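Listed below are the residues making up each chain.
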Amino acid sequence: EKKPLYLGLITFSQKSYFRSDLYFVNNTAQTIYLIVGQKTGDAYGFKVVNGTIYGVSRNGSNETTVSLGSITAGDDMNLEARYYPNDKVIFLTDSVEKGTISTNLPSSANTPTQFLFYADITTDEAVAKEMRMSFFEYMQFRNVLN
């Protein structure tokens with residue numbers, strides 16, 4: 001997880017977008033989160049359960065997912081999520097729109113989030129799991145005239 005130096009800049013009250021590239025070493029007995037925000041709080045991004053990749057949105061206590069397709073071990077995928085406050089999150093894989101969520105969106109209250117980025121991989125078997133990420137890019141609309 002990464003925390004920005006000044007937390008007041010990162011908020012779910014503004015449009016934002018992130019991209020990343022993931023190489024999936026494994027596709028069984030794993031759960032992966034790659035999100036902006038917190039896994040147990042407000043967030044949006046991607047969730048992988050075994051061989052299925054999902055778009056995910058959390059409003060702090062509830063989570064909504066949309067299936068974006070399947071993965072196999074060795075897949076390298078460019079992931080992109082576009083967040084529109086109080087409206088929707090659009091999910092793309094390899095530059096193709098694959099799904100939209102409009103429920104359980106992060107709170108659009110103008111309060112900063114402590115977590116810019118959260119990446120996590122867990123497994124339910126006694127075997128090491130691995131994912132590789134080559135970049136993370138985040139952009140957020142900032143109206144400095146308010």
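Reference entry: report on the structure contained in this document. Since this is a predicted model, take the numbers as computed values, not measurements. (Residues numbered from 1 in each chain as written. Predicted model: local features only at pLDDT ≥ 70, side-chain atom pairs only at ≥ 80, totals over all residues. Heavy atoms only, no water.)

### Here's the deal with the overall build of the chain
What the chain contains, in helices and strands, is 0 helices and 10 strands. Reading the helices (α) and strands (β) of the chain from amino to carboxyl end gives β-β-β-β-β-β-β-β-β-β. Dimensions along the principal axes, computed over C-alpha positions, put the chain at roughly 50 × 30 × 30 Å. Counting all 146 residues of the chain, 42% fall into the buried class. In the form shown here, the chain has an accessible surface area of approximately 7,400 Å², with 46% of it arising from carbon and sulfur atoms. If the 13 positive side-chain charges of the chain are averaged to one point and the 15 negative ones to another, these points end up 5 Å apart. (Helix = DSSP H or I, 4+ residues; strand = E, 2+ residues; numbered from the N terminus. Buried < 20%, exposed > 50% of the residue type's maximum accessible area, 1.4 Å probe, protein only. Areas by Shrake-Rupley, 256 points an atom, 1.4 Å probe, with all protein chains shown as cover. Lys, Arg positive; Asp, Glu negative; His and termini not counted. Charge placed at Lys NZ, Arg CZ, Asp CG, Glu CD.)

### A few points about the nonpolar core
Judged by nonpolar contacts, the single largest core of 25 residues is most densely connected at F18, F24, Y44, F46 and I53. Listed by contribution, the elements that provide at least two residues to this core are β1 (16-24), β2 (30-37), β3 (42-49), β6 (76-84) and β7 (88-93). Ranked by the residues each element gives to this core, the list is headed by β6, at 4 residues. Leave out the neighbours within four places in its chain, and I53 touches F24, F46, K47, V48, V66, S67, L68, G69, I71, M77 and L79. By size, the runner-up hydrophobic cluster in this structure holds 5 residues, among which are Y33, I35, A43 and V56. (Core = buried A, V, L, I, M, F, W, Y, C linked by side-chain atoms within 4.5 Å. Contact = heavy atoms within 4.5 Å.)

### Section: the sheet that holds β3
Pairing is antiparallel in the open sheet, where 5 strands are placed in the order β5-β4-β3-β2-β9. In this open sheet, the two strands that pair with only one neighbour each are β5 (63-70) and β9 (118-123). Pairwise comparison of adjacent strand axes, ignoring direction, gives a mean angle of 20° for this sheet. Sheet topology note: the β2/β3 ladder contains 7 bridges and is antiparallel. Bridging across to β3, I32 finds its partner in V48. (Pairing = 2+ DSSP bridges. Axes fitted to C-alpha atoms, helices over the stretch in contact; angles between N-to-C directions.)

### So, the side chain of R58
Relative to the helices and strands, R58 is located in strand β4 (residues 52-59). At 2.9 Å, the side chain of R58 and the backbone oxygen of K39 are in polar contact. The contact partners of R58, leaving out residues within four places of it in the chain, are Q38, K39, T40, G41, D42, A43, E63, N104, L105 and P106. (Polar contact = N/O pair within 3.5 Å; in protein donor to acceptor, adjacent residues only side chain to side chain.)

### Remarks on the pattern of salt bridges
Proximity of charged atoms lets side chains of opposite charge pair with each other. Evaluated as defined, the whole model comprises 7 salt bridges. For R58, the salt bridge goes to E63, with nearest N and O atoms at 3.5 Å. Classification of E63 as partly exposed rests on a relative accessible area of 26%. Through salt bridges with shared partners, a single ionic network connects K47, R58 and E63. (Salt bridge = Lys/Arg side-chain N within 4 Å of Asp/Glu carboxyl O.)

### Considering the environment of D124
Relative to the helices and strands, D124 resides in the loop between β9 and β10 (131-140). The sequence separation of D124 and T111 amounts to 13 residues, and the corresponding C-alpha distance is 35 Å.

### Considerations on the pairing of β5
Walk down a regular strand and you will see the side chains alternate between the two sheet faces. Across 7 bridges, the pairing between β4 and β5 is antiparallel. Of the residues in β5, the one forming a bridge with V56 is T65.

By themselves, these figures tell us nothing about what the structure is for.
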